[in-house]
Amino acid sequence: MKVPENDPTNPIHSNSLLLQSLLDSIPHTQSFKGKWSLIRTKLSILQSHLSDLSTAPINAFHNPLYNDLLLALSVTLKDAFSLSSICHSANPPEGKLKTQNDIDSVSAKVDNHVRDLEVLVKNGVLQENGAVSTNITSKRETIRAESRNLITRLQIGTTESKNSVLDSLLGLLQEDDKNVLIAVAQGVVPVLVRLLDSSSSPEIKEKTVIAIAKISTVDSSKHVLIAEGLCILNNLLRVLESGSVLGKENSCIALQALGHTKENARAIGSRGGISSLLEICQTGTPNSQAMAAAVLKNLAVFEEIRENFLEEDAIMILLRLSNSGTAFAQENAISCLSNLISGDTNMKLLVAREGGIESIKNFWDSAPSVQSLEALVLMLRTLASCPSIADVIVDNEFLPRIVGVLNCGVLGVRIAAANAIYDLGYNTRTRKELGEIGCIPPLVRLTEGKSVEEKEAAASALSSLMIYAGNRKIFRKEERGIVNAVQLLDPVVQNLDKRHPVSLLASLVYSKNCRKQMVASGACVHLQKLAEMEIEGAKKLLDCLGRGKLWGVFTRH
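Everything numeric here is computed off the predicted structure, so don't read it as measured data.

Engineer: Help me understand the overall build of the protein chain in this model?
Structural biologist: Check the secondary structure of the protein chain and you find 34 helices and zero strands. Scaling as 2.2 N^0.38, a compact globule of 557 residues should have a C-alpha radius of gyration of about 24 Å, whereas the protein chain reaches 35 Å, well beyond that. Taking the principal axes of the C-alpha coordinates as reference, the protein chain spans close to 115 × 50 × 35 Å. Residues counted as buried form 49% of the 557 residues belonging to the protein chain. Residue pairs at least 24 apart in sequence account for 71% of intrachain contacts in the protein chain once pairs closer than 6 positions are excluded. If you sum the accessible surface of the protein chain, you get close to 25000 Å²; carbon and sulfur atoms cover 51% of it. Across the protein chain, 59 positive and 59 negative side-chain charges occur, with their mean positions spaced 7 Å apart.

Engineer: I'm lost on a negative patch on the surface in this one. Help?
Structural biologist: Judged by side-chain charge, Glu307, Glu311, Glu312 and Asp313 come together as a negatively charged surface patch. Structurally, the position occupied by glutamate 312 is in the loop between helix H17 (306-311) and helix H18 (314-324).

Engineer: How should the side chain of serine 221 be read in this particular structure?
Structural biologist: Considering the arrangement of structural elements, one finds serine 221 in the loop between helix H10 (202-216) and helix H11 (222-226). The class of serine 221 is buried, set by a relative accessible area of 1%. Setting aside anything within four residues of it in sequence, one finds serine 221 in contact with Val180, Leu181, Val184 and Ile215.

Engineer: What is the right way to look at the nonpolar core in this model?
Structural biologist: As a rule of thumb, soluble globular proteins bury nonpolar side chains together. Of all hydrophobic cores here, the largest spans 137 residues; its most connected members are Phe309, Ile421, Leu443, Met518 and Leu527. Per-element tally for this core: the top contributor is helix H25 (residues 411-424), with eight residues. Ignoring any residue separated from it by four or fewer positions in sequence, one finds leucine 527 in contact with Leu489, Val502, Ala538, Leu541, Leu542 and Leu545.

Engineer: What am I meant to see in the environment of asparagine 427 here?
Structural biologist: Along the chain, asparagine 427 falls in the loop between H25 and helix H26 (428-436). For the pair asparagine 427 and proline 387, spaced 40 residues apart in sequence, the C-alpha separation works out to 9.9 Å.

Engineer: What's the story with the pattern of salt bridges in this structure? I'm lost.
Structural biologist: Where side chains of opposite charge bring their charged atoms close, a pairing between them can arise. Counting across every chain of the model gives 21 salt bridges. Aspartate 111 is paired through a salt bridge with lysine 42; the nearest N and O atoms lie 3.1 Å apart. Pair noted here: aspartate 111 is in helix H4 (residues 96-123) and lysine 42 is in helix H2 (residues 33-53), with a separation of 69 residues, a long-range link. Overall, lysine 42 belongs to the buried group, its relative accessible area being 13%. The residue arginine 414 makes a salt bridge to glutamate 454 at a minimum N-O spacing of 2.6 Å. One end of the pair, arginine 414, is in helix H25; the other, glutamate 454, is in helix H28 (residues 452-465), and 40 residues separate them in sequence. With respect to class, arginine 414 is no different from glutamate 454; both count as buried. A network of salt bridges, in which partner residues are shared, links Glu94, Lys98 and Asp102.

Engineer: Hey, could you run me through helix H13 (residues 245-258) in this one?
Structural biologist: Note that an α-helix has 3.6 residues per turn; residues three or four places apart therefore point the same way. The terminal C-alpha atoms of H13, which comprises 14 residues, lie 20 Å apart, in line with the 20 Å expected from a rise of 1.5 Å per residue. Buried within H13 are the following residues: Gly247, Glu249, Asn250, Ser251, Cys252, Ala254, Leu255, Ala257 and Leu258. Against H10, H11, helix H12 (229-242), helix H14 (262-270), helix H15 (273-283) and helix H16 (286-299) lie the buried residues of H13.

Engineer: What am I meant to see in the packing of aromatic side chains here?
Structural biologist: Ring pairs (aromatic) are described by centroid distance and by the angle formed between their planes. Within the structure shown, the criterion is met by one aromatic pair. Arginine 401 extends its terminal NZ or CZ atom over the ring of phenylalanine 398, reaching a point 5.5 Å from the ring centre.

Engineer: What exactly am I supposed to notice about the environment of leucine 173 here?
Structural biologist: With respect to the secondary-structure elements, leucine 173 resides in helix H7 (residues 159-175). Dropping the residues within four chain positions of it, leucine 173 is found in contact with Asn179, Val180, Ala183, Ala211, Lys214 and Ile215.

Engineer: Explain the UniProt feature "repeat: ARM" (unreviewed entry) in the protein chain here, please?
Structural biologist: What UniProt calls "repeat: ARM" (unreviewed entry) maps, in this numbering, to residues 187-230. The span residues 187-230 carries 75% helix and 0% strand; its end-to-end C-alpha distance comes to 18 Å.

Engineer: Is there a simple way to explain the confidence of the model for the protein chain in this structure?
Structural biologist: Low-pLDDT stretches of the model should not have their predicted coordinates read in fine detail. Overall, the prediction assigns the protein chain a mean pLDDT of 88, with 92% of residues at 70 or greater. In the predicted structure, residues 549-557 sits below a pLDDT of 50 and forms 14 contacts with residues beyond four places in sequence or in another chain.

Engineer: Is there a simple way to think about the packing of H15 against H18 in this case?
Structural biologist: Each pair of packed helices can be described by the angle between their axes along with the distance between the axes. At a minimum axis distance of 10 Å, the contact between H15 and H18 shows a crossing angle of 35°. Taken as a pair, H15 and H18 cross one another with a handedness that is left-handed. Two secondary-structure elements touch here, H15 through Leu278, Cys281 and Gln282 and H18 through Ala314, Ile317, Arg320 and Leu321. For the contact of H15 with H18, the class distribution of residues is five nonpolar, one polar and one charged.

Engineer: Sorry, what's going on with the environment of alanine 213 here?
Structural biologist: With respect to the secondary-structure elements, alanine 213 resides in helix H10. In sequence terms alanine 213 and cysteine 252 are 39 residues apart; their C-alpha atoms lie 8.1 Å from each other. Look past the residues within four positions of alanine 213 in its chain and what remains in contact with it is Asn250, Ile253 and Ala254.

Engineer: I keep staring at the packing of helix H22 (residues 373-384) against helix H23 (residues 387-395) and nothing clicks. Help me out?
Structural biologist: Direction vectors running N to C along H22 and H23 enclose 135°, while the axes themselves pass 7 Å from each other. One way to sum up the angle between H22 and H23 is to call them oblique. From H22, Leu380, Leu383 and Ala384 reach across to H23, where they touch Pro387, Ile389, Ala390 and Ile393.

Engineer: Mind showing me how you'd approach helix H8 (residues 177-185) here?
Structural biologist: Listed in full, the buried residues belonging to H8 are Asn179, Val180, Ile182, Ala183 and Val184. On its buried face, H8 is in contact with helix H6 (139-154), H7, helix H9 (188-198), H10 and H11. For H8, the N-terminal capping position is held by aspartate 176, with its side-chain oxygen 2.8 Å away from the main-chain nitrogen of lysine 178. Glycine 187 sits one or two residues past H8 and shows a positive phi near 95°.

Engineer: Help me understand the side chain of serine 463, please; the structure alone is not making it clear to me.
Structural biologist: For serine 463, the position within the fold is in helix H28. For serine 463, the side chain forms a polar contact with the main-chain oxygen of serine 460, separated by 2.7 Å. Sequence-distant contacts of serine 463, that is, excluding residues within four places in its chain, are made with His500, Ser503 and Leu504.

Engineer: Please explain unusual backbone geometry as it appears in this structure.
Structural biologist: When glycine is set aside, most residues are seen to have a negative phi, and most peptide bonds are trans. Even without a glycine there, the phi angle at phenylalanine 32 is positive, about 55°. Structurally, phenylalanine 32 can be placed in the loop between helix H1 (11-25) and H2. One non-glycine residue, aspartate 313, lies in positive phi territory at about 55°. Examined against the element boundaries, aspartate 313 turns out to sit in the loop between H17 and H18.

What counts, and where the lines are drawn
Residues numbered from 1 in each chain as written. Predicted model: local features only at pLDDT ≥ 70, side-chain atom pairs only at ≥ 80, totals over all residues. Heavy atoms only, no water. Helix = DSSP H or I, 4+ residues; strand = E, 2+ residues; numbered from the N terminus. Rg over C-alpha atoms; globule rule 2.2 N^0.38 Å. Buried < 20%, exposed > 50% of the residue type's maximum accessible area, 1.4 Å probe, protein only. Contact = heavy atoms within 4.5 Å. Areas by Shrake-Rupley, 256 points an atom, 1.4 Å probe, with all protein chains shown as cover. Lys, Arg positive; Asp, Glu negative; His and termini not counted. Charge placed at Lys NZ, Arg CZ, Asp CG, Glu CD. Patch = residues over 30% accessible without salt bridge, like charges linked within 9 Å, V, L, I, M, F, W, Y side chains within 5 Å. Salt bridge = Lys/Arg side-chain N within 4 Å of Asp/Glu carboxyl O. Core = buried A, V, L, I, M, F, W, Y, C linked by side-chain atoms within 4.5 Å. Expected span 1.5 Å × (residues − 1). Phe/Tyr/Trp six-rings, centres within 6.5 Å; stacked < 30°, edge-to-face > 60°. Lys NZ or Arg CZ within 6 Å of the ring centre and 35° of its normal. UniProt positions renumbered as here; feature names shortened; annotations may be inferred. pLDDT = per-residue confidence, 0-100. Axes fitted to C-alpha atoms, helices over the stretch in contact; angles between N-to-C directions. Left-handed = near helix turned anticlockwise from the far one by under 90°. Nonpolar A, V, L, I, M, F, W, Y, C, P; charged D, E, K, R; others polar. Parallel < 35°, antiparallel > 145°, perpendicular 65-115°, else oblique. Polar contact = N/O pair within 3.5 Å; in protein donor to acceptor, adjacent residues only side chain to side chain.

So, in structure tokens, the structure goes:
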């Protein structure tokens, strides 16, 4: 049911009458005819939108959004009519300069009304309002309708009204991640980005960034933010430079999600983003330091922009943060350093020389959780690829620390620890020490893990440790050692480098008992398939098992 168009209580009807009176008045103006002609063109568009709104259901008449807009339009049309009457004279009584300013003001207001009504018509909020009031069947539909209404209101009205709408939107988004998904599906992201780009209000910018940051924390919504390209990046970087403390923190949260792509990382680097982030790492609040370091951690992965880091003395800044920041800031700073120095021996030596190893040791002993140790183990592994640094790591008693977390409940830490053992087992001394402090039993257990990555990390570490004869004796005492290694040969276990279990078993094949266990566990069947796949070492191990050769089959490294 629609409101009768000629009903005097219908705001569309009353506005249509005002608009027609104004259109009739404009041809009689004698002052500023060009400006009035332009306004008349805009009024024609406004008249068309009013006609479109006349199809809204009667329920829309009670929608505050509907009434507020038409009330504001009524005030503008009355002011414009009075002003046009003044301009019927060639010499306006209040002077041409003031009159011109008044006309420009009215023209701008008409522009706003045209835009607002266009949004209202296109979004169909008024049509939906009537349906929702009677047909709501689920909370999801309620949230969808509310999101659509808020998104529409964000695009129209005054700064004050948009500020209030943002409060409501933030409440909706923070209530439940499902609400975020619904709002994103309704198109909230482009509206927020335009608002961030166009608003001059610091308060609105801050709240808009908070909303974008919240959306960025929901994985399935990140791609919608990334699709906004440079526009959203540029605005977030501006907030990073000159926004409030809260704005900077939330800008960092959003940039964490956006900085995972190479294109965005380049854009952030070329637009001074790394400099701004490092500045926050030095002078920001404890929380903003942690957030900024998290963004830098993601960016440091891309070799193309590492030069931007070096130009800003990033290594020294991050080393200081790894010593003095909050636990979260320290963890992110160490992760960033690990990514930054990967593949560059000179930078690894610089980090070690400037106290990086001491920082890792201090943080390890005070880490708030086992999870946070993953960054430290990965950093040690990065540094250990440099032999001179690896010696320092061993001398600083890190081997017992690393072995100690092989049994922890965090998958990422276990994998990182096993990989670190592989890298640190670079000579007889460390292989012997690792075996003596008990790393072989937990590594055997890791080969039974559900994660293929965990199995492979354990197998590679064990294959390296078996080069030392004393460790082979320890391994043979493990009841499941041979069986687990043979199971890793099975081609059904995909995405696992078969060279590691092959090498591990090859180091034990001289033992008659081990050879029997391998055959009994089905090694020959698996090795036959691996030999056909030309996996390195598979055919030699198969031949050895088949002919009973005990020595000299493989070259041990």
